[in-house]
Amino acid sequence: MSNTEEHPAELLGECGSCPVDDAGHPVVEVLSAREVPLGGPRAMAVRRTLPQRQRSMVGAWCFADHYGPDDVSVTGGMMVPPHPHTGLQTVSWLFSGEIEHRDSGGVHAVVRPGELNLMTGGRGICHSEVSTPATTILHGAQLWVALPDAARDAPRDFQHYVPPAVEVDGAWVRVFLGALAGQVSPVRTFTPLVGAEITVGPGARVELAVVPDFEHGLLADSAELLLGDTALARGELGYVGTGASTLAVHNPTGTAGRALLLGGAPFDEEIVMWWNFVGRSHDEIVAFRADWQRETERFGRVDGYRAGSSGIERLPAPVLPPVRIRPRGNRSQ
């Protein structure tokens, strides 16, 4: 998915150790989402929790858009023309609907609910995302993972994985990246990460053992879920810093609740993130943008994409800010 803001800010992640309350429970920092129009004829809206100035990364997770459930007959669905990426991996995860993916690595795939699609765009890649004609309700999340310096020129790649759902104390867990609840994803990442869908039954409370060296974020897809004792509204992300060995998720409602757990080792490198690019300096961002505008081989081309009613064949890059974009490092709390 593309960041379609006309004036994207340059941001970098923060990390921090996990404070505890008087009872010894991890303190949860609640990050509220902001609504961003994704584009298309009727501007489908997404809820963005990462990046933001309060906290722009959780581990190497640097971007989180949560959307739907959207009736595509009203919103127009998803229609994102070919757009570029550098220095990151994209993680597509759906709860309902389907998205047709095409990229310049020659991959043509359909993203379906409960199936991980991970695209690596190290040195450069471009792709398009379009909801399928069979989709009536579109609902899911699009996530980005920043690549470390040693891997940021990695070749184009695409991985697909269907994780099993395992039951844990009245909850169902699907681990699409890393390890959790006795499940290990075979999908390759370049930093230590965890990513999982957690569906908690009515009235259930699940306690999950997690890696203490990781920081974690729980992105609530349902209203009224509790991370520890902290309530999360739908679309909010609850953040817990490093040091926690367990995380408890409680669903006090009478219907099943759902969330995505995102975690990883704090990202300890300075990066610049602007529009759809992750780099290390202002000059790199300028070069990435110029290569995209000139349609160079860095990003290649997407074959088979057909422009919708907008008529846009490929997304043009926004105008760069009038000042130099500075790389910034993680700040401990």
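Remember, predicted model here, so these are calculated numbers, not experimental data.

### A word on the nonpolar core
Step number 1: The biggest cluster of nonpolar side chains holds 34 residues, and the ones touching the most others in it are Trp 61, Val 91, Leu 116, Leu 143, Phe 176, Leu 177 and Leu 260.
Step number 2: Residue assignment for this core shows that the elements contributing at least two residues are β4 (61-71), β6 (88-96), β9 (116-121), β11 (137-146), β14 (171-177), β22 (237-240) and β24 (257-264).
Step number 3: With five residues, β11 is the largest single contributor of residues to this core.
Step number 4: Leave out the neighbours within four places in its chain, and Phe 176 touches Trp 61, Val 91, Trp 93, Leu 116, Tyr 161, Pro 163, Ser 185, Val 187, Gly 195, Ala 196, Glu 197 and Leu 260.

### Some words on the sheet that holds strand β1 (residues 29-31)
Strand pairing in a sheet is mediated by backbone hydrogen bonds. Such pairs are either parallel or antiparallel.
Step number 1: Strand order in the open sheet made by the seven strands is β1-β22-β19-β24-β17-β14-β13, with antiparallel pairing throughout. Where the open sheet ends on each side, the last strands, each with one partner, are β1 and β13 (165-168). For this sheet, the mean inter-axis angle between neighbouring strands, taken without regard to orientation, is 25 degrees.
Step number 2: Sheet topology note: the strand β17 (residues 193-200)/β24 ladder contains eight bridges and is antiparallel. Across the sheet, the residue bridging to Ala 196 is Leu 261, located in β24.

### Comments concerning the side chain of Glu 115
Step number 1: Examined against the element boundaries, Glu 115 turns out to sit in the loop between β8 (108-111) and β9.
Step number 2: Comment: no salt bridge for buried Glu 115; closest opposite-charge side chain is Arg 112, at 4.6 Å.

### Topic: the environment of Pro 164
Step number 1: Summarising the element assignment, Pro 164 is placed in the loop between β12 (157-161) and β13.
Step number 2: A relative accessible area of 39% means that Pro 164 is categorised as partly exposed.
Step number 3: C-alpha separation for the pair Pro 164 and Val 175, spaced 11 residues apart in sequence, amounts to 7.6 Å.
Step number 4: Other than its neighbours up to four places away in sequence, Pro 164 contacts Val 173, Arg 174, Val 175 and Gln 183.

### A closer look at the sheet that holds strand β10 (residues 125-131)
Step number 1: Taking strand neighbours across the sheet as the criterion, the four strands line up as β5-β10-β7-β8 in an open arrangement whose pairing is antiparallel. Bordering the open sheet on either side are β5 (79-85) and β8, each of which pairs with just one other strand. Taken over all neighbouring pairs, the strand axes of this sheet differ in orientation by 20 degrees on average, direction set aside.
Step number 2: Bridging between β5 and β10 involves five bridges; their strand directions are antiparallel. Bridge pairing links Pro 84 to Cys 126 in β10.

### Considerations on the pairing of β8
Step number 1: Of the two faces of β8, the one lined by Ala 109 and Val 111 is fully buried and the one lined by His 108 and Val 110 carries no buried residue.
Step number 2: As defined by bridge partners, strand β7 (residues 99-103) adjoins β8 across four bridges and the pair is classed as antiparallel. If you follow His 101 over to β8, its bridge partner there is Ala 109.
Step number 3: Here β7 folds back onto β8 in antiparallel fashion, the turn holding four residues, of which Gly 106 has a positive phi close to 90 degrees.

Procedures and definitions
Residues numbered from 1 in each chain as written. Predicted model: local features only at pLDDT ≥ 70, side-chain atom pairs only at ≥ 80, totals over all residues. Heavy atoms only, no water. Core = buried A, V, L, I, M, F, W, Y, C linked by side-chain atoms within 4.5 Å. Buried < 20%, exposed > 50% of the residue type's maximum accessible area, 1.4 Å probe, protein only. Helix = DSSP H or I, 4+ residues; strand = E, 2+ residues; numbered from the N terminus. Contact = heavy atoms within 4.5 Å. Pairing = 2+ DSSP bridges. Axes fitted to C-alpha atoms, helices over the stretch in contact; angles between N-to-C directions. Lys, Arg positive; Asp, Glu negative; His and termini not counted. Salt bridge = Lys/Arg side-chain N within 4 Å of Asp/Glu carboxyl O.

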